[in-house]
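# Remarks on the overall topology
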Amino acid sequence: MDEYIVEVQDLVKRYANLTAVNGISFKVKKGEVFGLLGPNGAGKTTTLECLEGLRRSDGGTVRVGGIDPQTDVRKLRKLLGVQLQNSSMPDSIRPSEAMELICAWHRIPPRRDLLNMFGLDPQSRKQYREMSTGQKRRLHLALALACDPAVVILDEPTAGLDVQGRAQLHEAIRRLRHSGVTILMATHDMAEAETLCDRVAILVRGRIATIGTPAQITSAGLGETRIILRTQKNCLLPGRDIGGARFVRQEEDYGTWLCRDAAASVVALLQEVQRAGDTVEDLRVERPSLEERFLELVERDAS
Amino acid sequence: MKALMKHLLIQFRMDIRERGTLMTYYLIPLVFYLFIGAVFTSVNPLVKNTLAASMAVFAATMGAVLGTPVPVVKMRESGVLRAYRVSGIPGWAVPFIHGISAFLHLLIVSSIILITAPVFFGAGRPQDYTAFFLTLVMLLFSTIAIGMLIGAAARSQSMAVMLSQMVFLPTVVLSGIMFPASMLPEPLRMLGRLLVGTYAMEAFSGLAYGLATDFSAPWSILVGACIGILAAGLAMLRFRRMGKSP
């Protein structure tokens, strides 16, 4: 039987007349990486803040490791590590001091190993204000792990990072996942969610529009496969529907078709090329991405 | 207790590294003290008697009222308080540690002034050092409590600066640190009685230096402390409310 470490049931959170979270429910298994996706204002951060004990919900129940974040904050802090979307440290604090401070309040020896693990020199005399955005994010992640939490919440962990910084942070998240830590993350980055998350929930206007593995979510969409093709003599351009493949656009010498039966459509397109005495220079068959499925859900909601 | 001590040590070190804090806690009060000691004492020799006391009031008000609120507001605005909170640091610890650290810095600068004033400028020495330090403790506690209240109440850093100036400038003019409060017109003298600095100057003069005062020196300590307790209570309430909001 699966053991759930995070349980959210019919969670409701209102700000004056605005219902930011409107009765959402989901569960996260131990050791799972669970992603919350959604456009701005969808309720991701509010949901996470209810789990972090920073906001009081207006309805429903929330449990982290069986603890109610609204009533037992002290126990929660030993179980939960949090990297906030907007957080900071005093400008003049050094990474080692920040770690000493957090560990002192958790009554544990300073976790210099975590600073090493995230590529932050424990001997560094660099102050927080002199650190790069990537270093700051990694420091906050290291601080979130100081008490060896069973659950870690990451709110937009890679926002504002450059490519190298993102890669480093992704690697750190993968390491955490291998060590069995349960991760709950909110992100705007679909590629990030697709590569890191075991399951994702897409939130739209405070409700869960869909939930499942990235593969389940993408396949539950319109289910059309994209075929992109370029031939030497451009015999298929200007494009038209061929067999079950529906022509959608032309970009330079590339034609793009959408189809439900990818194998039959590829065969039909290649036969057409052969008939015209042309040769294929480039052929790509792509399944819809999580991003496309996300946009489909958001657009459907807007319409 | 261990966590509090560690936090205090780190905060104390951070204050020393922070240029703005260093200016308001040490540099400006000491430069002002040297200027007043060198120039003003020759213009008004009366100032000489209680130079250490008046400059301690200036340093404490400058450091506590101008120096402590802005970092507190900045911590709130930048998300430091939230980050501390989710990391298991209790909400009360941040202003408490901040206040204790400010207390230590301002105690150091006041002690420097007390020791050097007679040597550099021939200023009067207190007759009763215990009374001097008792008054100093009241002064520091109350001014830091007012600083914390401003830090907790101000919605932005600019508002904190404005509120701080509303306490600091009248203290410089009305509390009797530049010239005796008895020289002020009655309405201004009454206004001065709202300020901790006025009561601190009365207590310093009457208890530590054995000089004549406008009103009872022991009562001055009590009134000054009451203002501090009131400010500390209001600041605590405000911080508690802040701790409940995200």
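All values derive from a computational prediction rather than experimental measurement. (Residues numbered from 1 in each chain as written. Chains lettered and ligands numbered in written order. Predicted model: local features only at pLDDT ≥ 70, side-chain atom pairs only at ≥ 80, totals over all residues. Heavy atoms only, no water.)

## Brief notes about the pattern of salt bridges
- Within this structure, the stated rule accounts for 24 salt bridges over all chains.
- Here Asp 189 of chain A makes a salt bridge to Arg 166 of chain A, at a shortest N to O gap of 2.3 Å. Separated by 23 residues along the polypeptide, Asp 189 of chain A in the loop between strand E7 (182–187) and helix H7 (190–196) and Arg 166 of chain A in helix H6 (residues 163–178) bring together distant segments of the chain.
- Judged by its relative accessible area of 18%, Asp 189 of chain A falls in the buried class.
- Accessibility expressed as a relative area gives 24% for Arg 166 of chain A, which makes it partly exposed.
- With its nearest N and O atoms 3.7 Å apart, the salt bridge here joins Arg 174 of chain A to Glu 171 of chain A. Of the two residues, Arg 174 of chain A and Glu 171 of chain A both sit in helix H6, three residues apart, roughly one turn of that helix.
- By relative accessible area, which is 38% here, Glu 171 of chain A ends up partly exposed.
- Several salt bridges share partner residues, and in doing so they unite Glu 49 and Arg 55 of chain A together with Arg 82 of chain B into one network. (Salt bridge = Lys/Arg side-chain N within 4 Å of Asp/Glu carboxyl O. Helix = DSSP H or I, 4+ residues; strand = E, 2+ residues; numbered from the N terminus. Buried < 20%, exposed > 50% of the residue type's maximum accessible area, 1.4 Å probe, protein only.)

## Observations concerning the packing of aromatic side chains
- Under the definition given, this model contains 11 aromatic pairs over all chains.
- Between the aromatic rings of Phe 132 of chain B and Phe 204 of chain B, the centroid separation amounts to 4.7 Å while the plane-to-plane angle is 40 degrees, which identifies the pairing as tilted. Residue Phe 132 of chain B is located in helix H8 (residues 129–153), and its partner Phe 204 of chain B is located in helix H11 (residues 196–208); the two are separated by 72 residues in the primary sequence. For the residue pair Phe 132 of chain B and Phe 204 of chain B, the accessibility class agrees, reading buried in each case.
- What links up through ring pairs into an aromatic cluster is the set Phe 132, Phe 133, Phe 204 and Tyr 209 of chain B.
- Sitting over the face of the ring of Tyr 128 of chain A, Lys 136 of chain A holds its NZ or CZ atom 4.9 Å from the ring centroid. (Phe/Tyr/Trp six-rings, centres within 6.5 Å; stacked < 30°, edge-to-face > 60°. Lys NZ or Arg CZ within 6 Å of the ring centre and 35° of its normal.)

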